[in-house]
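Examining the three-dimensional arrangement
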Protein chains: 2
Amino acid sequence: MILSSRRKRVTIKDVAQAAGVSTQTVSRVMNKFSYVSEKTRQRVETVVEQLGYNPSALARSLSQQRSYMLGVVTFGLKYIGPSRTIYGIADKADELGYMLLMKEIDNFNINSIDEVIDSLLARQVDGILWVAPEIGNNHAWVEEQRAKIIVPVLFLAMRPRSGISSVSTDNHHGGVMAVQHLLDCGRKKIGHISGPLNWWEADERKRGWRETLEKAGIGPSEQHCVEGNWSSASGEQAFIQLLETFPGMDAVFVANDQMSLGVLREAIRRGIRVPEQLAVIGFDNIPESAYFYPSLTTIYQDLQLLGEQAVQSIVEMIQARQENRSIAPQSRFLQPTLVVRESSGCVL
Amino acid sequence: MILSSRRKRVTIKDVAQAAGVSTQTVSRVMNKFSYVSEKTRQRVETVVEQLGYNPSALARSLSQQRSYMLGVVTFGLKYIGPSRTIYGIADKADELGYMLLMKEIDNFNINSIDEVIDSLLARQVDGILWVAPEIGNNHAWVEEQRAKIIVPVLFLAMRPRSGISSVSTDNHHGGVMAVQHLLDCGRKKIGHISGPLNWWEADERKRGWRETLEKAGIGPSEQHCVEGNWSSASGEQAFIQLLETFPGMDAVFVANDQMSLGVLREAIRRGIRVPEQLAVIGFDNIPESAYFYPSLTTIYQDLQLLGEQAVQSIVEMIQARQENRSIAPQSRFLQPTLVVRESSGCVL
DNA sequence: TCCTATTCTGTTATCGATAACATGTTATTA
DNA sequence: TAATAACATGTTATCGATAACAGAATAGGA
C-alpha cells in the first residue's frame, strides 16, 4: 500500500450536506459564539467527527484577511544563538496561536531582502520578525522600504531607530558588567577580544569595555583590543596576538563564550594559569561554558526570553492594528546578568 | 508617522483595471508561458511595476490546491543538533522554492501530535518533515494515524519502518567506527557513556560499541556502560561512576560531545591524563570540540546534509504525487565519519 | 477565396471558508 | 393580544487567484 493515498479533502460543504444544513451553520458551529440550536450543534458536531473535518485555515485566512502566521526572517540559523531565539519565538507563538513561516537569508543585498519580504507578504503573514544581526549598514533598507511593508515589523538585536520597534539585549551594559566584575576582583590591566566590529552587538560590548575602563581612570588603548570573528579559532589567534601587544594583561573580557574557549585552551598550552595569572570572562553563557576548564565566568543573555518578548510585542502590534488603534513604536532592551564561575577567580 | 499604515493590498483586479484587460490576462502575464501579445504584456508589466503588485500566494494556493510550503515539526530546537538540521532544511527548501511552516512540539502525547498535524494540513502544506527524535514508542502513532495524513511525510532520525520514508544518520556504524578506532589505537578496556537509552539514536550507538567489542573477542559487560542524558553535567557524573565500576578502563566512547566535555573536565581535575592514561572519543563534532583540551576525537554526523537530503526527498515525493506516479517509501542512511584529534592519542 | 490552425483575450466557475444581509420562528413584554 | 426582542437558519457576495471554456482575430495552406 502506498502512503498518503490521494484522498480528497473534507470541506465545509461535505459536512453541510451530510448534516443537512447550510455551510454557514457549520461555520457557526465551528467558530462557537453564535446562535445555533443545541440539536443542530450536536448533529453537526457528530458529522464533523465522523468525516474528520479539518477546516482549511488557508480559505479562512483569505476570507478574513488574517492568517495567524508570523513571518520570521533569520540569519545564521546554524549557530546556537539564533536557534535559541527561535526556540523562544516558537514557544510563545504556539502559546498565542500563531504559526511561523520561516525564511533564512544568506546575504543582505537589497534584492534578496525585497524578495523575502514579498514572499512573506504574499502569504499574508500578520507580522514579521527580523531575526538577523545588524552588520555594517545592512539595515539601511529599513528606512526606505518600510513604507511598502503593510504589516507590523519588529526587529531583534537592532540599534534603536526612531519610529521602529525593536527588542535587543543591552550589550553595552553587558560589557560594562563584565569589566566592572574584573575591576571588582582587583584586576587592572584588562584586555578585550571583540567580535567583528561591524556587528552592532560586538561594537556595543566593546564600548562597554572602553567606557568602564575610562570611568575607572584606566585609559584603555586600542592596542589592548583585538578583533575576532566569534569562532574559537579566532579567539585563540586573537589571544596570541594580545599577549604580544599587551604583555602585562591580567584579565581579558572576551566577547563570546566560543572565543573564550580558544583563549582557555591556549592559556593551558602556554602554562598561563587561569584565573591566578589571568582572569577570563565571556559572553552568552552557552550551556557548555559551565564545563570549560576552568568553568567560565560569563555574561548571560537570555535569547529565549528575547524571542518570547518579540512575539509578545508583535502580537500586540497586530492586535492594535486590527482594532485600528495606533501603538507607538519603541525600542526595548533586555538586561543580561553576570554568572560568576571559576575563570574570573573571585566570588564576590 | 506610524509604521505600517493600513494600506490596502494591490490585487490582480486593480492591475487588470488599470491596464484595461481582464484578470485572466494579468494572470497569464504573471505566470509566463501562455499566449499574450507583446504589447499587452508590456502594458501589464508596466502597471504591475507602478502599483507594486505582489500576487497573493494564499489565493494561488487555494485555487491550485498547492501551497509550496513544507510543514516542519521540531523537538528540542533549543539544542544545537536540531537547529543544524533546520539550517540544512531551510537552505534546501529555499533553493527548491519552498517555504517552511514550523511547529515545535514539547511532548509526544497523541492529542498534541494530532493537533500539530491538523494545523499543518489546514494550511495546505505540500508535505511534512518530522524532525523529532524517536524516544520510547513516541512514534507509535505513525502506524495508526498515517492514513489520515493526506500528504507525503518524511521522518528524520527514525528507526526504519517498512512502508515509511525516513532519512537518518547511521548511528550504529558511527558507534562501530568509534570503538574500532580505539581498538586500532591499541586500547582494550573500552567503556561507554551512552545517551538516554530510550532514544533510538543512543541505543544504536551503544549497540555499535557492544557489537564491535564482541567481534574483537572482548565481551563487554553492562558494568562498563553508564547512561547519561546528553548534558555535560551528566557526562561528568557518568564518568565518575564508570571510574568505580570499571577501574582498569583505558578508553571511553562517549555518545556525544557535550558529555565528553564533562569527562575531560573531570579527568583534568583528577589528574587523569588524556589521552595517555585514558583515550576519549565523542560523537557529533560540534564546532567547539576542536578546542576542547585536549581537542576531541569524535564521530562527525552531518546534520546539515541530513536536512538537505530530507527536503530533496520529500520534494521528490510531492512531485511524484502531483503527477500521480507512485514512489516506493524507503529508509535511507547517511554515513558519519571519523575525525581524529588529540583525545584518542593516535593518528593512524 | 475559403478553411483550418494558431494566437490572443474575455467570461464563468471554482478553491474553502466567512461577512453581511434576509427571513422565519420562538419567547418576552407591554 | 399585538409588538418587540432574541434566537435560529439560509442566501448571496466576497476574499484573490487559477482552470476551463469560448469567442475573436490573425496567419497559413489548399
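Before reading further, recall that the structure is shown in the block above.
These notes cover the structure that comes with them.

Definitions and cut-offs
Residues numbered from 1 in each chain as written. Chains lettered and ligands numbered in written order. Predicted model: local features only at pLDDT ≥ 70, side-chain atom pairs only at ≥ 80, totals over all residues. Heavy atoms only, no water. Salt bridge = Lys/Arg side-chain N within 4 Å of Asp/Glu carboxyl O. Helix = DSSP H or I, 4+ residues; strand = E, 2+ residues; numbered from the N terminus. Buried < 20%, exposed > 50% of the residue type's maximum accessible area, 1.4 Å probe, protein only. Near = heavy atom within 4 Å. Polar contact = N/O pair within 3.5 Å; in protein donor to acceptor, adjacent residues only side chain to side chain. Nonpolar A, V, L, I, M, F, W, Y, C, P; charged D, E, K, R; others polar. Axes fitted to C-alpha atoms, helices over the stretch in contact; angles between N-to-C directions. Parallel < 35°, antiparallel > 145°, perpendicular 65-115°, else oblique. Left-handed = near helix turned anticlockwise from the far one by under 90°. Contact = heavy atoms within 4.5 Å. Pairing = 2+ DSSP bridges. Buried area = accessible area lost by both parts, 1.4 Å probe. Least-squares fit on C-alpha atoms with pLDDT ≥ 70 in both. Phe/Tyr/Trp six-rings, centres within 6.5 Å; stacked < 30°, edge-to-face > 60°.

Re the pattern of salt bridges
For the coordinates displayed, the defined rule picks out 28 salt bridges over all chains. Linking Lys103 of chain B and Asp94 of chain A is a salt bridge whose minimum nitrogen-to-oxygen distance equals 3.0 Å. Residue Lys103 of chain B is found in strand 2 (residues 99-104), and its partner Asp94 of chain A is found in helix 5 (residues 80-95); the two belong to separate chains. Between Glu236 of chain A and Arg269 of chain A there is a salt bridge whose closest N-O contact spans 3.3 Å. Placement of Glu236 of chain A in helix 10 (residues 232-245) and of Arg269 of chain A in helix 11 (residues 257-270) is noted, with a sequence separation of 33 residues between them. Overall, the relative accessible area of 9% leaves Glu236 of chain A in the buried class. The network of salt bridges with shared partners includes Glu236, Arg265, Glu266, Arg269 and Arg270 of chain A together with Glu342 of chain B.

Description of the protein's contact with DNA strand D
Taken together, 28 residues form the shell around DNA strand D, and within it Tyr35 and Thr40 of chain A together with Ile12, Ser27 and Ser56 of chain B come nearest. Close to the protein, within 4 Å, the atoms of DNA strand D belong to sugar or phosphate groups at a rate of 67%. At a separation of 2.3 Å, a phosphate oxygen of DNA strand D approaches a polar backbone atom of Ile12 of chain B. Among the secondary structure elements, those contributing two or more residues to the surface near DNA strand D are helix 2 (23-31) and helix 4 (57-64) of chain A together with helix 1 (12-19), helix 2 (23-31) and helix 4 (57-64) of chain B. The residue inventory of the surface near DNA strand D, partitioned by class, reads nine nonpolar, 15 polar and four charged.

A closer look at the packing of helix 10 (residues 232-245) of chain B against helix 11 (residues 257-270) of chain B
All names here are of chain B. One can describe the packing of helix 10 onto helix 11 by two numbers: an axis separation of 7 Å at closest approach and a directional angle of 55 degrees. Classified by the angle their axes make, helix 10 and helix 11 are oblique. Our pair here, helix 10 against helix 11, has a crossing hand that is right-handed. Along its contact with helix 10, which presents Ser232, Ser234, Gly235, Glu236, Phe239, Ile240 and Leu243, the element helix 11 presents Gln258, Met259, Leu261, Gly262, Val263, Arg265, Glu266, Ala267, Arg269 and Arg270. Residues of the contact of helix 10 with helix 11, tallied by class, amount to seven nonpolar, five polar and five charged.

Points about the sheet that holds strand 12 (residues 337-339) of chain B
Residues and elements named next belong to chain B. Taken in spatial order, the six strands of this open sheet run 7-6-8-9-10-12, and their pairing is mixed. Edge positions in the sheet fall to strand 7 (225-227) and strand 12, since each has one partner strand and no second. Averaged over all pairs of adjacent strands, the angle between strand axes in this sheet comes to 20 degrees, irrespective of strand direction. As paired strands, strand 9 (residues 279-284) and strand 10 (residues 297-300) are joined by four bridges and run parallel to one another. Note that in strand 10 the partner of Phe283 across the bridge is Ile299. Packed onto the sheet, helix 9 (residues 200-215) meets strand 6 (190-194), strand 7, strand 8 (251-254) and strand 9 and runs at close to 165 degrees relative to strand 6.

Here's the deal with the pairing of strand 3 (residues 127-131) of chain A
Residues and elements named next belong to chain A. Among the five residues of strand 3, five are classified as buried, and the element is accordingly described as predominantly covered. The two faces of strand 3 match: Gly127, Leu129 and Val131 on one face and Ile128 and Trp130 on the other face are all buried. Direction of pairing for strand 1 (residues 69-74) relative to strand 3: parallel, over a ladder of five bridges. Note on strand 3: the bridge partner recorded for Thr74 is Val131. When strand 3 meets strand 4 (residues 153-156), the two strands line up parallel, connected through three bridges. The residue bridging Ile128 from the neighbouring strand is Val153, located in strand 4.

Let's talk about the interface of chain B and chain A
Facing 73 residues of chain B, the contacting portion of chain A comprises 72 residues. Across the interface of chain B and chain A, roughly 6,800 Å² is buried in total on both sides, 60% from carbon and sulfur atoms. Counting across the chain B and chain A interface gives 23 residue pairs in polar contact (both at pLDDT 80 or more). Contributing elements (two or more residues each) for the side of chain B that touches chain A: helix 4, helix 5 (80-95), strand 2, helix 6 (110-122), helix 10, helix 11 and helix 12 (303-322) of chain B. With seven residues, helix 5 of chain B is the single largest residue contributor to the side of chain B that touches chain A.

Side note on the protein's contact with DNA strand C
Near DNA strand C, the surroundings consist of 28 residues, among which Ile12, Ser27 and Ser56 of chain A together with Tyr35 and Thr40 of chain B are the closest. A breakdown of the atoms of DNA strand C within 4 Å of the protein gives sugar and phosphate a share of 67%. Between a phosphate oxygen of DNA strand C and a side-chain N or O atom of Arg60 of chain A, the distance comes to 3.3 Å. With respect to DNA strand C, the backbone of Ser63 of chain B contributes an N or O atom lying 3.5 Å from a base oxygen. Put simply, the parts of the chain that give the surface near DNA strand C at least two residues each are helix 1 (12-19), helix 2 and helix 4 of chain A together with helix 2 and helix 4 of chain B.

Points about the relation of the copies chain B and chain A
Superposition of chain B onto chain A requires a rotation of 180 degrees combined with a translation of 0.0 Å along the rotation axis, giving an RMSD of 0.1 Å. Between the two chains, the operation in question is that of a two-fold axis. Rotation axis and chain B: the residue whose C-alpha lies nearest the axis is Leu101 of chain B, separated from it by 2.3 Å. A shared interface surface links the copies, since 99% of the contact residues of chain B are contact residues in chain A too.

As for the side chain of His181 of chain B
With respect to the element layout, His181 of chain B can be found in helix 8 (residues 171-184). Of the residues examined, His181 of chain B reaches a relative accessible area of 2% and is grouped as buried.

Here we look at the packing of aromatic side chains
For the coordinates displayed, the defined rule picks out 14 aromatic pairs over all chains. With centroids separated by 6.2 Å and ring planes inclined at 50 degrees, the aromatic side chains of Trp130 of chain A and Phe155 of chain A adopt a geometry described as tilted. Highlighted residues: Trp130 of chain A in strand 3 and Phe155 of chain A in strand 4, separated in sequence by 25 residues. For Trp130 of chain A, a relative accessible area of 1% translates into the label buried. Judged by its relative accessible area of 3%, Phe155 of chain A falls in the buried class. Centroid distance Phe75 of chain B to Phe108 of chain B: 4.9 Å. Interplanar angle 45 degrees. Geometry classified as tilted.

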